[in-house]
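# Examining the three-dimensional arrangement
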Amino acid sequence: MTSAHSKLHSDDVSLVVVVVDTNPFFWAAAALPFADFFANLVHFVNSILLLNHLNRVVVIAAGVSSCTYIFDSSDASPAGGAGVTATFDKASRKVEEFIAQDARATASNGVSPANAASLLSGALSLALCYIQRIFRSGTRHPQPRGSPDGPEQYVAVMNSIFSAQRSMVPIDSCIVGTQDSAFLQQASYITGGVYLKPQELNGLFQYLAAVFATDLHSRTFLRLPKTLGVDFRASCFCHKKTIDMGYVCSVCLSIFCKNQKKCSTCGSEFSRVMPDLNSMPDQSK
């Protein structure tokens with residue numbers, strides 16, 4: 001694939017879209033409280049905006065049942081840092097309201113904690129739509145960067161990843177949970193982004209500032225963390241489980257963990273596998 005670093009840019013302006021997982025079931029068991037994480041995020045956003053006054057940062061909250069924009073630095077007043085601070089204070093209140101609304105929607109849908117996967121696919125789609133809108137505006141072209149996985153979102157997430165790759169938008173992933181994310185490992189690997197699972201959460205801002213705040217041009221001179229192993233396993237379409245081996249529809253490439261008579265995605269009927277004629281005994285003797 002074409003490396004994201006090979007794309008030429010006329011300036012050092014960056015557009016950073018941050019997707020924040022606000023899943024309350026995840027943060028209830030996380031080692032780092034959400035309030036402390038959000039405070040580090042505020043400092044990270046401010047550092048991005050201080051690097052260049054033309055930089056733009058957008059923050060998207062991904063809940064269990066919905067996702068939404070909670071911060072856009074372009075909405076800040078021209079008062080400099082004070083305007084950004086006031087805007088982020090509004091974002092703090094907005095994320096609290098969003099978490100409460102998402103919790104009510106999740107409860108009304110009867111979602112159990114065991115099945116409460118974050119809406120990552122929807123948040124990635126919002127991020128890519130925002131980036132494409134900026135690209136097509138014609139005003140300027142900034143450099144784009146962009147809990148346990150929900151297998152039922154596999155197709156939507158992979159579609160978002162391939163769209164980001166085609167648009168040459170690297171997806172960076174910062175994992176603060178105990179488990180690695182196969183989805184985000186694949187997203188960072190395919191799009192040329194950075195996948196990092198900080199070992200010391202007390203120094204989260206240092207990780208964010210030293211690794212994720214660097215623009216694409218500067219990354220060519222730095223030795224950023226690389227993922228040693230990427231989990232490329234797919235999720236089956238029938239039971240939404242991560243599998244090592246399975247059956248693939250030859251028409252639409254849907255994946256199943258068990259042999260099926262008919263593809264549930266495209267409706268194609270599967271014929272029985274014919275035996276190898278060379279291995280059959282000779283009946284003429």
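An unreviewed UniProt entry lists the protein under the name General transcription and DNA repair factor IIH subunit TFB4, with Urochloa decumbens as the source organism. Under the UniProt heading Sequence similarities (unreviewed entry), the note attached to the protein is "Belongs to the TFB4 family." The annotation that UniProt attaches to the protein under Subcellular location (unreviewed entry) is "Nucleus".

Let us look at the overall build of the protein. Along its length, the protein carries 8 helices and 10 strands. Taking all 285 residues of the protein together, 42% fall into the buried category. Total accessible area on the protein is roughly 16,200 Å²; 55% of this is exposed by carbon and sulfur atoms.

Moving on: the environment of C249. Among the secondary structure elements, C249 is positioned in the loop between β9 (247–248) and β10 (255–256). Here the alpha-carbon distance between C249 and S268, two residues 19 residues apart in the chain, equals 8.1 Å. Once residues within four sequence positions are removed from consideration, C249 is found in contact with S254, F256, C263, C266 and F270.

Turning next to the nonpolar core. Proteins that are soluble and globular tend to have nonpolar side chains buried together. Residues V18, F37, L41, F44, V45, V57 and V59 are the most contacted members of the largest nonpolar core, which totals 32 residues. At the level of secondary structure, the elements contributing two or more residues to this core comprise β1 (14–21), α1 (24–27), α2 (34–51), β2 (56–62), β3 (67–72), α3 (81–108) and α7 (204–212). The leading source of residues in this core is α2, at 8 residues. The contact partners of F37, leaving out residues within four places of it in the chain, are V20, W27, L32, V176 and L204.

A word on helix α4 (residues 120–137). Along its 18 residues, α4 runs 26 Å from first to last C-alpha, staying within 8% of the 26 Å computed at 1.5 Å per residue. Every buried residue belonging to α4 is among L120, S121, G122, A123, L124, A127, L128, Y130, I131, I134 and F135, and all of these are buried.

In this section: the packing of aromatic side chains. Evaluated as defined, the whole model comprises 6 aromatic pairs. On the basis of an interplanar angle of 40 degrees and a centroid distance of 5.1 Å, the ring pair of W27 and F37 is categorised as tilted. In this pair, W27 sits in helix α1 while F37 sits in helix α2, placing the two residues 10 residues apart along the sequence. The pair W27 / F37 is uniform in exposure class, with both members buried. Taking the centre distance of 5.9 Å and the plane angle of 50 degrees together, the rings of Y69 and Y130 count as tilted. Taken as a pair, Y69 in strand β3 and Y130 in helix α4 lie far apart in primary sequence, 61 residues in all.

Below, the discussion takes up the pairing of β3. In this sheet, β3 lies alongside β2 in antiparallel orientation, the contact comprising 5 bridges. Looking across to β3, one finds that A62 is bridged to C67. Count of turn residues in the β2/β3 antiparallel hairpin: 4 residues.

Attention now moves to the confidence of the model for the protein. In the predicted model, the protein carries a mean pLDDT of 76, and 79% of its residues have values of at least 70. Confidence, read as mean pLDDT per element, is least for strand β4 (residues 143–145) in the protein (54) and greatest for β2 (90). Across residues 1–10 the pLDDT falls below 50, and counting only partners more than four positions away or on other chains, this stretch makes 20 contacts in the model. This model gives residues 273–280 a pLDDT under 50, and the stretch forms 1 contact once residues within four places in sequence are excluded.

Of all residues except glycine, most have a negative phi; of all peptide bonds, most are trans. The phi torsion at M168 lies on the positive side, around 60 degrees, for a residue other than glycine. Its location among the elements puts M168 in the loop between α5 (154–166) and β5 (173–174). When its relative accessible area of 21% is taken as the criterion, M168 is described as partly exposed.

In this section: α2. In this model, α2 (18 residues) spans 26 Å end to end at C-alpha, consistent with the 26 Å of a helix rising 1.5 Å per residue. All of the buried residues in α2 are F34, F37, F38, N40, L41, F44, V45, S47, I48 and L49.

The rules behind these values
- Residues numbered from 1 in each chain as written.
- Predicted model: local features only at pLDDT ≥ 70, side-chain atom pairs only at ≥ 80, totals over all residues.
- Heavy atoms only, no water.
- UniProt positions renumbered as here; feature names shortened; annotations may be inferred.
- Helix = DSSP H or I, 4+ residues; strand = E, 2+ residues; numbered from the N terminus.
- Buried < 20%, exposed > 50% of the residue type's maximum accessible area, 1.4 Å probe, protein only.
- Areas by Shrake-Rupley, 256 points an atom, 1.4 Å probe, with all protein chains shown as cover.
- Contact = heavy atoms within 4.5 Å.
- Core = buried A, V, L, I, M, F, W, Y, C linked by side-chain atoms within 4.5 Å.
- Expected span 1.5 Å × (residues − 1).
- Phe/Tyr/Trp six-rings, centres within 6.5 Å; stacked < 30°, edge-to-face > 60°.
- Pairing = 2+ DSSP bridges.
- pLDDT = per-residue confidence, 0-100.

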